[in-house]
Amino acid sequence: MKFLVSIYNDDSLIEALPPGEYETMMRGCLAHADQLHADGVLLDSQMLAPPAKAVSLRTRGGRTTFLDGPFAEAKEYLGGFNLIEAADMDEALRIAQEFPWSRTGRIEVRPVMDFADVRRAFAA
């Protein structure tokens, strides 16, 4: 099964870390990701630009509006993701716990739906 491991950051917690701790966490995380990739567990991994660089769009009544920056103010924001392969949710949670980011935000683990099943359900 595939799982999306979403990393949510809280800048106030990151800024409160002792000097050099964030860099140490990042180096450890990258080394861990390299190992998971080599083991065939990590399928993809990306960091996202800060919310201030985002553009949101919404279409209502045939009209599309664009909003610069984050759509809503939030303490935590999506900072990146990891797409992993795991036998079940328990294994996915164990893998997610190995990342340090629950200390500076939160980590969400969500099963990825098989898109072939979705296509079949909608005859597409």
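No experiment lies behind these values; they were computed from the predicted model shown.

### Details of the overall build of the chain
Within the chain, the secondary structure is distributed over four helices and six strands. Its C-alpha atoms give the chain a radius of gyration of 17 Å, more than 25% over the compact-globule value 14 Å for 124 residues. Among the 124 residues that make up the chain, the fraction classed as buried is 26%. By sequence separation, contacts in the chain at least 24 residues apart represent 75% of the contacts at least 6 residues apart. For the chain, the computed accessible surface area is about 8,600 Å², with 56% contributed by carbon and sulfur atoms. For the chain, the distance from the average position of its 13 positive side-chain charges to the average position of its 19 negative side-chain charges is 9 Å.

### Some thoughts on helix α2 (residues 21-38)
Helix length check: α2, at 18 residues, gives a terminal C-alpha distance of 26 Å against a target of 26 Å (1.5 Å per residue), a fit within 8%. Met25, Met26, Cys29, Ala33 and Leu36 are the residues of α2 that are buried. Along the axis of α2, the buried positions cluster into a sector of 100 degrees, meaning they face one direction only. Residues of α2 that are exposed and point over 90 degrees away from its buried face: Arg27, Asp34 and Ala38. Contacts made by the buried residues of α2 are with β2 (42-47) and α3 (89-97). Directly after α2, the chain includes Gly40, whose backbone phi takes a positive value near 80 degrees.

### Here we look at a nonpolar patch on the surface
Together, Val55, Leu57 and Phe66 make up a nonpolar patch on the protein surface, roughly 340 Å² of accessible area in all. Secondary-structure assignment places Phe66 in strand β4 (residues 63-68).

### With respect to the nonpolar core
Counting residues in hydrophobic clusters, the biggest one holds 19 residues, and the most contacted among them are Ile84, Ile95 and Trp101. At the level of secondary structure, the elements contributing two or more residues to this core comprise β1 (2-9), α2 and α3. Ranked by the residues each element gives to this core, the list is headed by α2, at five residues. Those residues in contact with Trp101 that lie beyond four places of it in its chain are Ile7, Tyr22, Met25, Met26, Cys29, Arg106 and Ile107.

### Considering the sheet that holds β2
Spatial strand order, β2-β5-β1-β6: four strands in an open sheet with antiparallel pairing. Two strands lie at the open edges of the sheet, namely β2 and β6 (105-111), each paired on one side alone. Strand-to-strand, the axes of this sheet are offset by a mean angle of 15 degrees, without reference to chain direction. Note that β1 and strand β5 (residues 77-85) share eight bridges and pair antiparallel. For Val5, the partnering residue across the bridge sits in β5 and is Asn82.

### Re the side chain of Ser6
Within the secondary structure, Ser6 sits in strand β1. Each residue touching Ser6, except ones within four places of it in the same chain, is listed here: Leu78, Gly80, Phe81, Arg106, Ile107 and Glu108.

Conventions used here
Residues numbered from 1 in each chain as written. Predicted model: local features only at pLDDT ≥ 70, side-chain atom pairs only at ≥ 80, totals over all residues. Heavy atoms only, no water. Helix = DSSP H or I, 4+ residues; strand = E, 2+ residues; numbered from the N terminus. Rg over C-alpha atoms; globule rule 2.2 N^0.38 Å. Buried < 20%, exposed > 50% of the residue type's maximum accessible area, 1.4 Å probe, protein only. Contact = heavy atoms within 4.5 Å. Areas by Shrake-Rupley, 256 points an atom, 1.4 Å probe, with all protein chains shown as cover. Lys, Arg positive; Asp, Glu negative; His and termini not counted. Charge placed at Lys NZ, Arg CZ, Asp CG, Glu CD. Expected span 1.5 Å × (residues − 1). Arc of directions from axis to C-beta. Patch = residues over 30% accessible without salt bridge, like charges linked within 9 Å, V, L, I, M, F, W, Y side chains within 5 Å. Salt bridge = Lys/Arg side-chain N within 4 Å of Asp/Glu carboxyl O. Core = buried A, V, L, I, M, F, W, Y, C linked by side-chain atoms within 4.5 Å. Pairing = 2+ DSSP bridges. Axes fitted to C-alpha atoms, helices over the stretch in contact; angles between N-to-C directions.

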